[in-house]
Amino acid sequence: KDEKSLHFIEEIVEEDLKTGKNDGRVLTRFPPEPNGYLHIGHAKSICLNFGMAQKYGGATNLRFDDTNPATEDVEYVDSIKYDVQWLGFNWVQELYASDYFGQLYQFAVELIKKGLAYVDDSSAEEIAAMKGTPTEPGTDSPYRSRSVEENLALFEEMRQGKCAEGSRVLRAKIDMAAPNMHLRDPLMYRIKYARHHRTGDTWCIYPMYDFAHGQSDAIEKITHSICTLEFIPHRPLYEWFIENLSIFPSKQYEFARLNLTYTVMSKRKLLQLVNEKHVSGWNDPRMPTISGLRRRGYTPESIRNFCDRIGIAKRDNLIDMSLLEFCIREDLNKKALRRMVVLDPIKVVITNFPEGKVEPCPSENNPEAPETGNREMPFTRELYIEQEDFMENPPKKYFRLAPGQMVRLKSAYIIKCEEVIKNSDDTIQEIRCTYIENSKSGQDESGINVKGTLHWVSAAEAVPVEIRLYDRLFKVEDPSSESGDFKEYLNPESLTVITGYAEPALREAQPGESFQFLRKGYFCTDEESTTEKLIFNRTVTLRDNWAK
Ligand code: ATP
Ligand code: MG
Ligand code: MG
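Not measured: the values here are computed from a predicted model.

A. The arrangement of the UniProt feature "domain: Glutamyl/glutaminyl-tRNA synthetase class Ib catalytic" (unreviewed entry) in the protein chain in detail. In the numbering adopted here, UniProt assigns the feature "domain: Glutamyl/glutaminyl-tRNA synthetase class Ib catalytic" (unreviewed entry) to residues 26-333. The span residues 26-333 shows a helical share of 40% and a strand share of 15%, and its end C-alpha atoms are spaced 36 Å apart.

B. Quick look at the UniProt feature "binding site: L-glutamine" (unreviewed entry) in the protein chain. The UniProt record annotates "binding site: L-glutamine" (unreviewed entry) at Asp65 and Tyr209. Look at the named residues: they lie 145 residues apart in sequence, but the longest C-alpha span between them is just 8.3 Å, so in the fold they bunch up. Of note, Asp65 is situated in the loop between strand E2 (59-64) and helix H3 (74-86). The exposure class of Tyr209 is partly exposed, given the 16 C-beta atoms found within 10 Å.

C. Up close: the nonpolar core. Counting residues in each nonpolar core, the largest one holds 94 residues, and the members touching the most others are Ile385, Ile415, Trp456 and Val457. Residue contributions to this core peak at eight residues, all from helix H2 (residues 40-55). Setting aside its immediate chain neighbours within four residues, Ile415 contacts Ile350, Met406, Val407, Leu409, Cys433, Thr434 and Tyr435. One finds Tyr100, Met158, Val169 and Tyr189 within the second-largest nonpolar core, a separate group that totals 29 residues.

D. Structural detail: the sheet that holds strand E17 (residues 382-386). Read across the sheet, seven strands follow the order E21-E18-E19-E20-E14-E17-E22 without closing on themselves; strand pairing throughout is mixed. Each of the sheet's edge strands pairs with one partner strand only, and the pair in question is strand E21 (453-454) and strand E22 (457-458). The pairing of strand E18 (residues 406-409) with E21 spans two bridges and is classified as parallel. Bridging across to E21, Leu409 finds its partner in Leu454.

E. Representation of the pairing of strand E20 (residues 428-435). As defined by bridge partners, strand E14 (residues 345-350) adjoins E20 across three bridges and the pair is classed as parallel. Bridging across to E20, Ile350 finds its partner in Cys433. Across seven bridges, strand E19 (residues 414-422) lies against E20 in antiparallel orientation. Looking at E20, one finds that Glu419 is bridged to Arg432. Between the antiparallel neighbours E19 and E20 lie five residues, among them Asp426 with a positive phi of about 75°.

F. Looking closely at the domain arrangement of the protein chain. Once the domains are mapped, the protein chain shows domain 1 (8-255), domain 2 (267-337 + 465-540) and domain 3 (341-455). Taking only C-alpha atoms into account, the centre of domain 1 sits 34 Å from that of domain 2. Each partner contributes to the interface: domain 1 provides 19 residues, whereas domain 2 provides 18 residues. Sorting the residues of the side of domain 1 that touches domain 2 by element identifies helix H1 (8-18), H2 and H3 as the ones contributing at least two each. Take the side of domain 1 that touches domain 2: its biggest share by element is five residues, from H2. A breakdown of the residues in the side of domain 1 that touches domain 2 according to their chemical character gives 12 nonpolar, five polar and two charged.

Rules and cut-offs
Residues numbered from 1 in each chain as written. Chains lettered and ligands numbered in written order. Predicted model: local features only at pLDDT ≥ 70, side-chain atom pairs only at ≥ 80, totals over all residues. UniProt positions renumbered as here; feature names shortened; annotations may be inferred. Helix = DSSP H or I, 4+ residues; strand = E, 2+ residues; numbered from the N terminus. Buried ≥ 20, exposed ≤ 12 C-beta atoms within 10 Å, placed from the backbone. Core = buried A, V, L, I, M, F, W, Y, C linked by C-beta atoms within 7 Å. Contact = placed C-beta atoms within 7 Å. Pairing = 2+ DSSP bridges. Domains from an automatic or database assignment. Nonpolar A, V, L, I, M, F, W, Y, C, P; charged D, E, K, R; others polar.

Written out as structure tokens, the structure is:
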């Protein structure tokens, strides 16, 4: 039995189902504006809208909120569809607000005829000045009392392209003294001579968000229209249009948007990072976009899990990035095959191991998934281990390699450090060791107990690979709340590229495939990786070791 308590929107839906509202129907929509790629915040809205419909036997529309031709593009439409499906959700209908332009125009005409809308010739500045303040009422526009006939004629002229951009707007005639500023004769239509990615040059007037969204919901008979908190003050207007047009009474509900530490989540800011080349593109693995997270190695399950864990709240909050990282570790721990890769090599020579000999050492692919079996690690005379796993003058209780000390090489032998060979500049050239012949993993008869186990690769058999070590994109928790330009807070060390030495099994790594590099973290084969040039992105370290 699911013991998890319901969140407030589920409570509303269950109540509606109980009272037989909407004939027991649940139809939600996910309404992205195609002016950028989806980010993890959108994922929260996707999981909520699609998740609720799934839970209550309903369905979800994918509706592109494409009412602003200046910033929208089909590239974004395509990426959004791909990302929603990748997250694991299917929509019943793919719809576009622009498909309703004709219907919305008719709605506007209807409101004009009812004396509830008028054409205003005031400039944007004049309209703003007449708006008043939250504590003082606004003033009526001199055009507010135009006759229905005049308004109809002028609105038609606007549509026919007879008016200059900015010369006129259509406004709802509500109340210039309303305490809610959104009800002070809000704009419904503005003139824009811009080519729309779907309707081309058919229209030169475009509806405002407030006039398009609720009406689109009503046209589709959406039962629960879920949006983020900043739309609370828009709700009376949403309802005003629906009521005065006597159309399907969709209902708007608001939840807290997701904010994550060490990143930004507004498309406008993400677009700046892309355009100004602070990142390589929308799918740069440092970006909080779905495509960036995918390239970084995040799985759909980990993102859905994350959205589930953060829950649905009514108050804005800032979620710690480490929770998202916890979710991907948890998922990859079950799924990722284990491999050995030395990121910062130092050479080890096994002096009692014959030159040219290759000894296969079976090593488990994933202890969490025994059915994945073993692969073979070639053990040879010359090996690489990590620099940081050797210390010439170790402190007490140092269980890695040091002069005279023994360690186990994972899935292979116990070795003992006999000698350190230096370069002329006092740096270490190689470490000379002996191996204990009867200590092989799985058939160890040496009776020797060692505390440290190191990962390693054969120097002769290892494959040099490019490794991209990603860190947080920003240096501060909440770059948007800092003073000045948010880009001043970019982390200059968010990407470090190194060459690592990988065990031969990684030659087969396919783009998108994830691995645990033993003791180093989870890594994902980059989309640009080839058999000739393998590239791995660090998804996340094994433990939460961010310095505070
Ligand atoms: P941005 O400010 O990044 O441009 P937006 O809200 O304008 O975001 P839309 O494409 O209009 O972007 O968003 C589609 C849907 O996703 C909306 O219903 C919106 O409420 C929701 N959404 C956007 N950002 C977040 C977020 N950070 N957390 C939760 N939901 C979000
Ligand atoms: Mg929006
Ligand atoms: Mg926006």
